[in-house]
Amino acid sequence: MTTSKSVALDKETIAHRLITMRKSIGQLESAGRLSVARLEENPATGAAVERLLAVLDDLAFAINRHVAAVILGQVPQTSAASFCAAREAGLIDQRLATALVPEEGPYHVLVQLHLDSEPEAIEAIASDAIYGYREYARQVAEWAGSRS
């Protein structure tokens, strides 16, 4: 599919990014329970969770920007704006677009901020992110599969 500017939808790149997203989600899940004791015992766990969430945000941003450029003819400048554009382009639904842009900031930033001040919040933040990005990958794959 192309726009009037002849920018083609790169379904192969989207598919590769989705593979990386699913692997990153699997790595997050393999971290297991993110209790305060675990985070204190092994500080690298919190850093790894933060980094994987940043990777997921970067991958979604790249997909959203590409789809917005092709479908809407616009290129969002921030990750948060890209989720709005993804919804507008029909890539994801409104509920998911809202869920993936927490008011307090991106999931990886929330983890970073809470590691020292409220480590008990990390498990819920990671759980919300895993659910959201898993659903994102599902909706994007379904959307891409419906394109000819």
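In short, a report on the structure. Everything numeric here is computed off the predicted structure, so don't read it as measured data. (Residues numbered from 1 in each chain as written. Predicted model: local features only at pLDDT ≥ 70, side-chain atom pairs only at ≥ 80, totals over all residues. Heavy atoms only, no water.)

**A closer look at the nonpolar core**
What counts, and what does not: Joining through side-chain atoms within 4.5 Å is the link that ties buried Ala, Val, Leu, Ile, Met, Phe, Trp, Tyr and Cys residues into a set, and such a set is a nonpolar core. Each residue's exposure class comes from its accessible area (1.4 Å probe, protein chains only) as a fraction of the maximum for that residue type: buried when under 20%, exposed when over 50%, partly exposed otherwise. By definition, any uninterrupted DSSP run of H or I lasting at least four residues is a helix, any uninterrupted run of E lasting at least two residues is a strand, and each is numbered from the N terminus. Here a residue-residue contact requires only that any non-hydrogen atoms of the pair lie within 4.5 Å.
Within the largest apolar cluster, 40 residues are counted, with the highest numbers of intra-cluster contacts made by M21, I63, L91, I92, Y133 and Y136. Elements supplying a minimum of two residues to this core: α1 (11–30), α3 (43–72), α4 (79–88), α5 (94–99), α6 (107–117) and α7 (122–145). In terms of residue count, the dominant contributor to this core is α7 (11 residues). Leaving out residues up to four positions away in the same chain, M21 has contacts with L56, L59, A60, I63, Y133 and Y136.

**Some details on the packing of α3 against α7**
To keep things clear, this is the line we draw: Every axis in this analysis is a line fitted to C-alpha atoms, fitted for helices over the stretch in contact. Angles between the N-to-C directions lie between 0 and 180 degrees. Working definition: roughly parallel below 35 degrees, roughly antiparallel above 145 degrees, roughly perpendicular at 65 to 115 degrees, and oblique for all remaining angles. Here a crossing is called left-handed whenever its near helix is offset anticlockwise from the far helix by less than a right angle, and right-handed whenever the offset is clockwise. Ten residues, namely Ala, Val, Leu, Ile, Met, Phe, Trp, Tyr, Cys and Pro, are considered nonpolar, four, namely Asp, Glu, Lys and Arg, are considered charged, and the remaining ones, Gly among them, are considered polar.
Between α3 and α7, whose axes approach to 11 Å, the crossing angle comes to 30°. One way to sum up the angle between α3 and α7 is to call them roughly parallel. As α3 packs across α7, the resulting crossing turns out to be left-handed. Within the contact between the two elements, α3 uses V49, L53, L56, D57, A60, I63, N64, V67 and I71 and α7 uses A126, A129, Y133, Y136, V140 and W143. Across the contact of α3 with α7, the residue classes tally to 13 nonpolar, one polar and one charged.

**Brief notes about the packing of aromatic side chains**
Put simply, the rule is: Here a pair means two rings of Phe, Tyr or Trp (six-membered ring of Trp) with centres within 6.5 Å. Their orientation is stacked below 30 degrees between planes, edge-to-face above 60, and tilted elsewhere.
The full count for this structure, using the stated rule, is two aromatic pairs. Here F83 and Y136 contribute two aromatic rings whose centre-to-centre distance is 6.0 Å and whose plane-to-plane angle is 80°, an arrangement assigned as edge-to-face. Residue F83 is located in helix α4, and its partner Y136 is located in helix α7; the two are separated by 53 residues in the primary sequence. Owing to a relative accessible area of 0%, Y136 belongs among the buried residues under this scheme.

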